[in-house]
Amino acid sequence: MELDYIQSAIKQFEYYKSVGERTFAQLDEEHLFWQFNAESNSIAIIVNHLWGNMRSRWTDFLTSDGEKEWRNRDLEFESVIGTKAEMMVKWEAGWECLFTALHSVNAENFNTEIFIRNQAHTIVEAVNRQLAHYAYHIGQIAYIGRMVKGNTWKSLTIPKGKSSHFNKAKFSKGKHGGHFSDDVK
């Protein structure tokens, strides 16, 4: 059951990574740096924060506190990324760190106590914490993308007004397995 949980979490993280990437694919480079106002975050700033958080939380996941001494969280919310290419390098590096850590979890180490800012977590609690955190920020990325694209935005999941068509196709398959995102990627 423990490893089923990890595999399910990996699928969820892969799904949210794809939501971010499908958003990036619709945007011009300048859209990645657009901010609604001076107090809001651009997509590039959000990616920089995700990168910093992922590196801190998932580096030595099983053996060190998830809030690393070398992390500079405040700098994550500054406009330090200059190009889409630079943003994508950080995006991939953060996700690679996460997936490497999750793939290191096995039956022997599943009950390891994880600490984040000196607070104890089970692996399930630590993974759920980050899954919710990343989904929150990737939702922000998609929302910013939708704002800047306006009526040229292409839905990332079920297009507006197409729910009944989508449901009909799902139910026509009969009862089946798989991940919910298999039909919306």
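Structure: see above.
This one's a predicted model, so the numbers in the text were calculated from it and none came from an experiment.

Trainee: Run through the overall build of the chain, naming residues and quoting values.
Mentor: Looking only at helices and strands, one finds six helices and two strands in the chain. The order of helices and strands in the chain, counted from the N terminus, is α-α-α-α-β-β-α-α. Projecting the C-alpha coordinates of the chain onto the three principal axes gives extents of approximately 50 × 45 × 25 Å. By residue count, 39% of the 185 residues in the chain fall in the buried class. When contacts within the chain are restricted to residue pairs at least 6 apart in sequence, those whose partners lie at least 24 apart make up 73%.

Trainee: Describe the environment of L32, listing the residues and the values that go with them.
Mentor: Relative to the helices and strands, L32 is located in the loop between α1 (2–26) and α2 (43–58). Classification of L32 as buried rests on a relative accessible area of 0%. Placed 138 residues apart in sequence, L32 and K170 show a C-alpha to C-alpha distance of 34 Å. Every residue in contact with L32, bar those within four places of it in the chain, is listed here: F24, L27, S42, I43, A44, K84 and M87.

Trainee: Requested: an account of the packing of aromatic side chains, with residues and values cited.
Mentor: Each aromatic ring pair is summarised here by two numbers: the centre-to-centre distance and the angle between the ring planes. Here the structure, examined in full by the defined rule, presents 10 aromatic pairs. Here F24 and W91 contribute two aromatic rings whose centre-to-centre distance is 4.9 Å and whose plane-to-plane angle is 75°, an arrangement assigned as edge-to-face. Of this pair, F24 sits in helix α1 while W91 is found in helix α4 (residues 84–103), placing the two residues 67 residues apart along the sequence. Residue classification places W91 among the buried positions, given a relative accessible area of 2%. Of the aromatic side chains, those joined through ring pairs into one cluster are F13, F24, W58, F61, W91, W95, F99 and Y134. Here K90 stacks its cationic end above the ring of W51, 4.0 Å away from the centre of that ring.

Quick notes on the rules
- Residues numbered from 1 in each chain as written.
- Predicted model: local features only at pLDDT ≥ 70, side-chain atom pairs only at ≥ 80, totals over all residues.
- Heavy atoms only, no water.
- Helix = DSSP H or I, 4+ residues; strand = E, 2+ residues; numbered from the N terminus.
- Buried < 20%, exposed > 50% of the residue type's maximum accessible area, 1.4 Å probe, protein only.
- Contact = heavy atoms within 4.5 Å.
- Phe/Tyr/Trp six-rings, centres within 6.5 Å; stacked < 30°, edge-to-face > 60°.
- Lys NZ or Arg CZ within 6 Å of the ring centre and 35° of its normal.

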